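Here is how the chains run, residue by residue.
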Amino acid sequence: MTVVPMETGLLLAGILFLLGLVGVLVRRNVIFMLMSIEIMLNAAGLAFVIAGASWGQADGQVMFIFILTMAAAEVSVGLALILQFYRQFKTLDADVASQMRE
């Protein structure tokens, strides 16, 4: 069994988190923004698993299961919001939401 060094795993988690953050800040499509948030949550989960495996504890895996359940709840609420947003504005561009009626 090959052991991945903790620094390498945390570096990968950091890169994934930054990619997700850039996706949230740059993209204007709501679906892509939700996908970027999912990438950020998975990066945090990866960091927990790597740290837990390095310390020989199961805490990282427990936190990852919590992150997965939170991500599932975020997806269900997010998709409901996307459907309502599309019904009202006929687009998924997030800039349209800033021009809502006063």
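For the structure itself, look to the data block above.
The structure displayed is predicted, hence computed values, not measured ones.

Before going further, it helps to examine the overall build of the protein. Looking only at helices and strands, one finds three helices and zero strands in the protein. Shown N-terminal to C-terminal, the secondary structure of the protein runs as helices and strands in the order α-α-α. For the protein, the C-alpha radius of gyration of 17 Å lies well beyond 13 Å, the compact-globule estimate for 102 residues. Expressed along its principal axes, the backbone C-alpha trace of the protein runs to roughly 55 × 25 × 25 Å. Burial status across the protein gives 25% buried among its 102 residues. A fraction of 55% describes how many contacts in the protein between residues 6 or more apart in sequence connect residues 24 or more apart. Accessible surface, the protein: about 7,300 Å² in total, of which carbon and sulfur atoms supply 71%. Where the 5 positive side-chain charges of the protein centre and where its 7 negative ones centre are 17 Å apart.

Here we come to helix 3 (residues 59-89). When the terminal C-alpha atoms of helix 3 are compared, their 44 Å separation across 31 residues agrees well with the 45 Å that a helix rising 1.5 Å per residue should span. Among the residues making up helix 3, those that are buried are Gly60, Ile67, Ala71, Glu74, Gly78, Ile82 and Phe85. Lining the buried residues of helix 3 we find helix 2 (30-55). Two residues or fewer past helix 3, Lys90 is found with a positive phi of approximately 60 degrees.

What counts and how
Residues numbered from 1 in each chain as written. Predicted model: local features only at pLDDT ≥ 70, side-chain atom pairs only at ≥ 80, totals over all residues. Heavy atoms only, no water. Helix = DSSP H or I, 4+ residues; strand = E, 2+ residues; numbered from the N terminus. Rg over C-alpha atoms; globule rule 2.2 N^0.38 Å. Buried < 20%, exposed > 50% of the residue type's maximum accessible area, 1.4 Å probe, protein only. Contact = heavy atoms within 4.5 Å. Areas by Shrake-Rupley, 256 points an atom, 1.4 Å probe, with all protein chains shown as cover. Lys, Arg positive; Asp, Glu negative; His and termini not counted. Charge placed at Lys NZ, Arg CZ, Asp CG, Glu CD. Expected span 1.5 Å × (residues − 1).

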